[in-house]
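Overview (structure and organization)
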Amino acid sequence: MSTARMQFTSQIAGAPEVIFDLIADMPNYGRWLPDTDVFGGTVNVTPYPVRLGTTYLDAGPVEKPGKVTEFDPPKHIGFHHTILVRQALLKTDIDARIRYTLTSNDGGTFVLRELDLLMNLPTLYKLASPIILGSFRKENVRTLACLKRYVEK
């Protein structure tokens, strides 16, 4: 087992309530977060509106069933999902925990997105760990950039 912790930040010119509501409105992520080759929207959100305990499925080439684990508007929202990797010879699950902390700051909001990963990679694929982590890093940076762009437009 290997673990990784990453933090991503952004200062967004918008109220914490607005940003929290966008993050919590999971079935409508398409308004501000375009699909990519690793993220294909969020579906099967139950119950909706989102609250503590809501379950969901991040769709795309790799499915990620998950659950809302923290819900404290407009300060914190957290998610736990399992990334079911079933590609070619690599068959493993990656446990991911995401936590947003929103803090009023300088007339806007300071957004902290924390990502904790637990990966059970077969020995052969441990060498690919930097590539896997790079992919996570890229997607998290993109997510915050899209959120910032949407709120500030």
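1. Overview of unusual backbone geometry
What is expected of a backbone is that most residues other than glycine have negative phi and most peptide bonds are trans. Cis geometry is found at the peptide bond from Tyr-48 to Pro-49, where omega equals 5°. Along the polypeptide, Pro-49 turns up in the loop between strand S2 (42–46) and strand S3 (55–58). At Asn-44, a position not held by glycine, the phi torsion is positive, near 55°. Position of Asn-44 relative to the elements: it lies in strand S2. On the basis of relative accessible area, Asn-44 is assigned to the exposed category, the value being 55%.

2. Overview of the pattern of salt bridges
Under the counting rule described, the total for this entry stands at six salt bridges. Where Glu-114 meets Arg-5, a salt bridge forms, and the shortest distance between an N and an O atom there is 3.5 Å. Residue Glu-114 is found in strand S7 (residues 108–119), and its partner Arg-5 is found in strand S1 (residues 2–12); the two are separated by 109 residues along the sequence. Here Arg-5 falls in the exposed class, since its relative accessible area comes to 52%.

Cut-offs used in this document
- Residues numbered from 1 in each chain as written.
- Predicted model: local features only at pLDDT ≥ 70, side-chain atom pairs only at ≥ 80, totals over all residues.
- Heavy atoms only, no water.
- Helix = DSSP H or I, 4+ residues; strand = E, 2+ residues; numbered from the N terminus.
- Buried < 20%, exposed > 50% of the residue type's maximum accessible area, 1.4 Å probe, protein only.
- Salt bridge = Lys/Arg side-chain N within 4 Å of Asp/Glu carboxyl O.

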